[in-house]
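Overview (structure and organization)
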Amino acid sequence: MTDTAATEQRRKLKGFALLGAALTNRKIGVMLAFGFAAGLPYALLLGTLYAWLSDAQVDLETMGVFSLIGLAYAFKFLWSPVIDRTALPGMSRFGRRRSWLIPAQAALGVILIVLSMLNPQTSLGWFSLLAGFGAFASATQDITIDAWRVDQADDVATLDILSTVYQLGYRIAALAGSALALIVAERTGWPAVYFGMGVAMLVVLGVTFLAPDSDRVTIANEDEHGLREAGALTPAVRRTALAIVGVLWGWALVTVIVFMVRSLGAAPEDRPNPTEFIQLYGPLIVVATVIVPSIIAAVLDHWQRTGRHVNPAAITAASRLDRAIDHGYGALILPLSELVGRLKWAAILVLALILSYRFTDAVWGTFAYPFYLGELAYTNDEVAVASKFFGVGMTMLGITLAAVLFSWIGRMATVVLGAAIAAASNLLYADLALGGGGLDAFGRATGLYWLFGLFGSDERLSRLLLAISGENIAGGLAGAAFVAYLSSIASKRYSAVQYALLSSLTFLVGSLGRGALGEAIEVHGYAWVFYLTAAIGLIAVVLSILEWMRERASRYRDVAPPTRPEAEAAV
């Protein structure tokens, strides 16, 4: 055997040994359980719960307000610095990450079990309060699990392997919390479903007690972002900026929570009008959480570039509070400042695109189960098969199609196409709401209805399968394109924080609009609302085209040949 062949054989044997070691590694099993724990409450609290509310005859306007609990996921980046750097007081003996995971998972298990004992028709106030706490605990768990995955990655349980196993656990939980939940609810009722899922969360809690963890650490003394070096902004300026942004974000959260409590705690005739709330406070919330912080970030970046309000010499942190403020600024303000400083005026276009791109599917997702089960009167089993088992396959097809299009037509062209077909897919549901005449004609002409019939589907179920196929393919393609776009505009230095911040913004407008959308469905019907969301989706199409043009112009400037004087100087 030659040296090269022997080396190759040793490499293969080492690879098999590492794979075998990874599969038997305790961290892999824990990561699978954590992925399941992350996916289950999200599916139950922001999806399947609305099927239960629909069965309980809760009105759509109330469901729209109820869905505001999803803002916990949109704003989770606000408390992530605390979770990232400290152990929960009184729980530090369990380790840096488990000190947060244990109470979060225990709370989720108990909340799901208590929800199973409540009647949403007579205890909607307690129902919504518990679901809101559950969403907060779930978002906190997500932050901690992401940090645990990075902490525990090593040469055997690599970050790639842990991330893949996490996705596997998450997808299993998504199916269990949606398709399986619908099937079980059809036979035993919703209380049994939520009781069983609560017990499953407590089982994962047992796994957490056995999980490896790192020791407690506090905020480091090192100036990790160079905030106290000469030429960096002074502590007073940074402290003031952080305080202003914190107050604005805090006001937005309190405003939404107060509206939700007032809406769910009052009789229908005494509730604040959700449309009026969105018209008045919706723009203000976007201004407070996005526009003003972006302006502050731009001003700070300009000051540092021009040498205004900067440290004349290097300084040291005087206390733990100073280091905590430095970390908060580095985690929340600095990534936004870098992004706005790099994009300059183009940041307006980029932020507008991020806020609007996923609106068409984000805003109506809460009403999917009420639409399928209440308006169209499909059974839980039919919706489970069509929306989850079949729909997941169509989503994967859309993601695969996006990967092909990236190489054929490029990233931004795929982003534009994704925005267009995501908006157009709403027309499929508009037709479905009006009886499905267009879907029937297409399904018969293309032979798709015949194909669905081979698997036992009648024409009524085939109509739903066809609509879900179009919507999920569009959603998979648009989602993959959008993830690629967000990744492309995040800097390598701040990629994790910028991506988390920007991806959180995609939930903001859709979450805020659900209350008004629920009232619109009650007044105008589903078809009218689907036409409206399709029209609103055209905003994202236009913004995507403008961003494509901007990126092309930026690339042209980067590769443009030198001017005549520059060329002569080079010679």
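Since we're looking at a predicted model, the values are computed, not measured.

1. Looking at the overall build of the protein chain
Within the protein chain, the regular secondary structure consists of 23 helices and zero strands. Expressed as a percentage of the 571 residues in the protein chain, the buried residues total 51%. The contacts in the protein chain between residues at least 6 apart in sequence include a share of 83% that link residues at least 24 apart. For the protein chain, the accessible surface area stands at approximately 25,900 Å², while carbon and sulfur atoms represent 66% of it.

2. Side note on the confidence of the model for the protein chain
Low pLDDT means the predicted coordinates in that region are not meant to be read closely. Residues of the protein chain with pLDDT of at least 70 account for 84%, and the chain-wide mean is 80. Looking at the elements of the protein chain, mean pLDDT is at its lowest for helix α23 (residues 564-570), recorded as 44, and at its highest for helix α6 (residues 98-116), recorded as 94. Throughout residues 217-221 the model reports pLDDT below 50, and contacts reaching past four residues in sequence, or to other chains, amount to 11 contacts. Low pLDDT, under 50, characterises residues 563-571; the stretch is placed with one contact to residues that sit more than four places away or in other chains.

3. A look at the packing of aromatic side chains
Scanning the entire structure with this criterion turns up 15 aromatic pairs. When the centroid spacing of 5.1 Å and the interplanar angle of 40° are considered together, the rings of W52 and Y194 count as tilted. Placement of W52 in helix α2 (residues 26-55) and of Y194 in helix α9 (residues 190-210) is noted, with a sequence separation of 142 residues between them. Relative accessible area serves as the criterion here: at 6%, W52 is assigned to the buried category. For the ring pair F94 and F209, a centre distance of 5.8 Å and an interplane angle of 75° mean the geometry is edge-to-face. Of this pair, F94 sits in the loop between α5 (80-85) and α6 while F209 is found in helix α9, placing the two residues 115 residues apart along the sequence. Site record: aromatic cluster; members linked through ring pairs are F371, Y372, Y429, Y526 and F530. Between the NZ or CZ atom of R460 and the centre of the ring of Y378, over which it lies, the distance is 4.1 Å.

4. Quick word on empty space enclosed by the protein
Unfilled space is identified by rolling a water-sized probe across the atoms. On inspection of all chains with the given rule, the structure shows two cavities of 30 Å³ or more. Estimates place the volume of the largest cavity at around 70 Å³. Lining the largest cavity we find T360, D361, W364, A422, S425, N426, Y429, E471, A474 and G475. Those elements giving two or more residues to the lining of the largest cavity turn out to be α14 (359-362), α17 (411-433) and α20 (459-489). Tallying contributions element by element places α17 first for the lining of the largest cavity, with four residues. When the residues that make up the lining of the largest cavity are grouped by side-chain class, the tally is four nonpolar, four polar and two charged. Roughly 50 Å³ of internal volume is contained in the second largest cavity. For the second largest cavity, the full set of lining residues is W249, T289, V290, S294, L336, L351, L501 and L505. Elements supplying a minimum of two residues to the lining of the second largest cavity: α11 (274-306) and α21 (495-524). For the lining of the second largest cavity, the element with the highest residue contribution is α11, accounting for three residues.

5. Regarding the packing of helix α13 (residues 346-356) against α20
Viewed as axis vectors pointing N to C, α13 and α20 meet at an angle of 150°, and their least axial separation amounts to 12 Å. Accordingly, the angle class assigned to the pair α13 and α20 is roughly antiparallel. Both α13 and α20 take part in a crossing whose hand is left-handed. Where α13 abuts α20, its residues V350, L353 and I354 lie against F482, Y485, L486 and I489. Classifying every residue of the contact of α13 with α20 by side-chain character gives seven nonpolar, no polar and no charged.

Reading the values: rules and limits
- Residues numbered from 1 in each chain as written.
- Predicted model: local features only at pLDDT ≥ 70, side-chain atom pairs only at ≥ 80, totals over all residues.
- Heavy atoms only, no water.
- Helix = DSSP H or I, 4+ residues; strand = E, 2+ residues; numbered from the N terminus.
- Buried < 20%, exposed > 50% of the residue type's maximum accessible area, 1.4 Å probe, protein only.
- Contact = heavy atoms within 4.5 Å.
- Areas by Shrake-Rupley, 256 points an atom, 1.4 Å probe, with all protein chains shown as cover.
- pLDDT = per-residue confidence, 0-100.
- Phe/Tyr/Trp six-rings, centres within 6.5 Å; stacked < 30°, edge-to-face > 60°.
- Lys NZ or Arg CZ within 6 Å of the ring centre and 35° of its normal.
- 1 Å grid on protein atoms, 1.4 Å probe; cavity = no way out; pocket = protein on both sides within 12 Å on 5 of 7 lines; lining within 4 Å.
- Points joined across faces, edges and corners; volume = space filled by probe spheres on them.
- Nonpolar A, V, L, I, M, F, W, Y, C, P; charged D, E, K, R; others polar.
- Axes fitted to C-alpha atoms, helices over the stretch in contact; angles between N-to-C directions.
- Parallel < 35°, antiparallel > 145°, perpendicular 65-115°, else oblique.
- Left-handed = near helix turned anticlockwise from the far one by under 90°.

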